Each structure stands twice: as structure tokens, then as C-alpha cells.
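Chain by chain, the residues:
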Amino acid sequence: MTTDADEPPLTIDELAARAGVTVRTVRFYSSRGLLPPPVIGPRRVGHYGPEHLARLALIEEMQQQGMTLAAIERHLRQLPPDLTPHDLAVQRAVVASWAPETVETLTRAELEQRAGRALSDEDVERLAALNVVTADGDAFRVDSGLLRLGVQLLDVPLSQETVLAARTALIGHARAAAHELSALLRGAVAERDTEDVKSLSAHMHPLVVQALLTVFQRSLRQELREWIGAGRPEEPRGAGPRGSSG
């Protein structure tokens, strides 16, 4: 399996092409401190890696959600400096979750433009199975908040049945958690007036979402670690590199 460390370094032109932005944009973000400096290689050529690509994707996601450059800078300054590309991808998922529930009616060409790629009939059928798009005559009703996630799932090497089963499991557990948390909050504010309840709800909503995402991320990471570890054959105790004297 290819890891981030195995990926060859990118020039600034290659980085911009992979991220879908211009070289000028990359240089602008770098000048504002939004991107770490590249590693300078032979001939004074800057080399960029997966962390630059992941950070660019995060910045672009925040812009898609309507955040100003100043707000993006504040958000990035609050992040730990040693985040891995995987951690940055999780941050991007958190930002994407801020997308409001909006349904738009788009033509096939507009749908592909929003998706950022050509979509086969099979792709559209998979998006429909995920409730991301719904055929409406010659057009499509599209859940804009889920479109990007749905398009990314098209490239996941899992069967549609597995993806749908995972979606069902996630929705079921998320609704159960939301119901239980709502019951707790309702009990805690039962004696307060309507304005206090609204204020507390607005304050608690982002905190609860962040807490759920953080706990789930860590739980999933632990499950994957145990799963991968269980699948590896155990090395005999005392075994060293082949040919060593021990």
C-alpha cells in the first residue's frame, strides 16, 4: 500500500495542478503563512508534499463554506503545527459538515460542474442510492451539502452495498445519539425561558458536533489499529533481522 511518505515530492506547478488551483494562488497562500514553506532541493527547487496538498484542500473547503481569508487564517493558526495529511483531511471533513441543508435543481452539465468531474450513468445511480441526487425529469434535485462527500465515495474501492450499509449504520447511531443528547439538554433547561433555551442551543450545537466528531475519530482510529494489528502475523520473540546473530 502506498503511504504519504512514499509519494514523490511535487514542484509548485505539480502541487497547483493536483490541488486544482493556480501557482499564483499557492504563492499567495504561502506569503500569508497559510502553507508551510517547501523543502528546498537541488537547484533551489522547492519540493512540496502531501501535507501541502491536504492543507490546500482544507483552505479551499473553508472558502467553499464562505469563510473570509481572515477567518481562515484564524482557524489555521489554532491548529496544531504538526498535523498529518490524515489529520488535515479530518479537519476538512469537519468544515464540510458546516454546509447547510440546501437542495438545488441542476441540469446534468451543472451537476458535473459542481462535482468537478464527468459522471457516468452508473455514478449518478450511486449518488441517487446515497440520496445525494434525485432525478427530476431531465434535471436533478441535488443535496448540495452531501454532493462533495458523495462524489468522493465514488472512488472508494467498496461495493455499493457496503457503502449503503455503512451509511445506514452511521445514520442510525447518529440519530440515536442526537435523540439522547437532546433529551439530556431538554431536561437541563426545562425551567428556563425560551430565549435562554435558544441561546444555549446555539452555543451547544457546534460544541456537541465537535465532540461527536472527535470521539468518533479516535474510536475509529483505535478500531482500525486493533484490526490491522490483529491481521499481522506475530513475529517470534527474540527474532531479529535475518542473518543477525541476535
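Data block above holds the structure.
What counts and what doesn't
Residues numbered from 1 in each chain as written. Predicted model: local features only at pLDDT ≥ 70, side-chain atom pairs only at ≥ 80, totals over all residues. Heavy atoms only, no water. Helix = DSSP H or I, 4+ residues; strand = E, 2+ residues; numbered from the N terminus. Buried < 20%, exposed > 50% of the residue type's maximum accessible area, 1.4 Å probe, protein only. Contact = heavy atoms within 4.5 Å. Areas by Shrake-Rupley, 256 points an atom, 1.4 Å probe, with all protein chains shown as cover. Pairing = 2+ DSSP bridges. Axes fitted to C-alpha atoms, helices over the stretch in contact; angles between N-to-C directions. Salt bridge = Lys/Arg side-chain N within 4 Å of Asp/Glu carboxyl O. Patch = residues over 30% accessible without salt bridge, like charges linked within 9 Å, V, L, I, M, F, W, Y side chains within 5 Å. Core = buried A, V, L, I, M, F, W, Y, C linked by side-chain atoms within 4.5 Å.

Draft legend 1. Geometry of the overall build of the protein chain. A tally of regular secondary structure across the protein chain gives 10 helices and five strands. Residues classed as buried in the protein chain amount to 23% of the 246 residues present. For the protein chain, long-range pairs separated by at least 24 residues make up 60% of all intrachain contacts whose partners lie at least 6 apart in sequence. Just so you have it, the protein chain exposes about 17,400 Å², and 55% of that area is on carbon and sulfur atoms.

Draft legend 2. Inspection of the sheet that holds strand E5 (residues 139-143) at higher detail. Pairing is antiparallel across the open sheet formed by three strands, whose spatial order is E3-E5-E4. Edge positions in the open sheet fall to strand E3 (103-106) and strand E4 (133-136), since each of these has one partner strand only. On average, each strand axis in the sheet is inclined to that of its neighbour by 25°, with strand direction left out of account. Bridging between E4 and E5 involves four bridges; their strand directions are antiparallel. Following the sheet pairing, Asp136 is matched in E5 by Ala139. Seen against the sheet, helix H6 (residues 108-115) touches E3, E4 and E5 and runs at an angle of roughly 125° to E3.

Draft legend 3. Structural detail: the pattern of salt bridges. Counted under the stated rule, the structure contains eight salt bridges. Between Arg32 and Glu73 there is a salt bridge, with its nearest N and O atoms 2.8 Å apart. Here Arg32 is found in the loop between helix H2 (23-31) and strand E1 (39-40), whereas its partner Glu73 is found in helix H4 (residues 69-78), with 41 residues between them in sequence. Assessed through its relative accessible area of 40%, Arg32 is described here as partly exposed. Taking relative accessible area as the criterion, Glu73 reaches 13% and is therefore assigned buried. Residue Arg114 pairs with Glu104 through a salt bridge whose shortest N-O separation is 2.7 Å. With a gap of 10 residues between them, Arg114 in helix H6 and Glu104 in strand E3 connect regions that are remote in the sequence. On the accessibility criterion, Arg114 (47% relative accessible area) is partly exposed. Relative accessible area serves as the criterion here: at 27%, Glu104 is assigned to the partly exposed category. Counted as one network, the salt bridges with shared partners bring together Glu61, Arg92 and Arg148.

Draft legend 4. Region of interest: a nonpolar patch on the surface. Together, Leu170, Phe216, Leu220, Leu224, Trp227 and Ile228 line one region of the surface with nonpolar side chains, adding up to about 620 Å² of accessible area. When residues in the nonpolar patch are grouped by element, the largest group, five residues, is from helix H10 (residues 194-231). Its place among the elements puts Trp227 in helix H10. Residue Trp227 is classed as exposed on the basis of its relative accessible area, which comes to 62%.

Draft legend 5. Structural detail: unusual backbone geometry. Although it is not a glycine, Arg43 sits at a positive phi angle of roughly 60°. Following the sequence through the fold, Arg43 ends up in the loop between E1 and strand E2 (46-47). Taking the relative accessible area as the measure of exposure, Arg43 reaches 81% and is therefore exposed. Even without being glycine, Arg44 reaches a positive phi, approximately 60°. For Arg44, the location among the structural elements is in the loop between E1 and E2.

Draft legend 6. Highlighting the nonpolar core. One finds Leu15, Val26, Leu58, Ile59, Met62 and Leu76 to be the most contacted residues of the largest nonpolar core, which totals 25 residues. When residues of this core are traced back to their parent elements, those giving at least two are helix H1 (12-19), H2, helix H3 (50-64), H4 and helix H5 (85-96). A per-element tally of this core places H3 first, with six residues. Among all residues touching Val26, those that are not within four sequence positions of it are Ile12, Leu15, Ala16, Val21, Leu35 and Leu56. Of all hydrophobic cores here, the second largest spans 15 residues; its members include Ala115, Leu119, Val124 and Val133.

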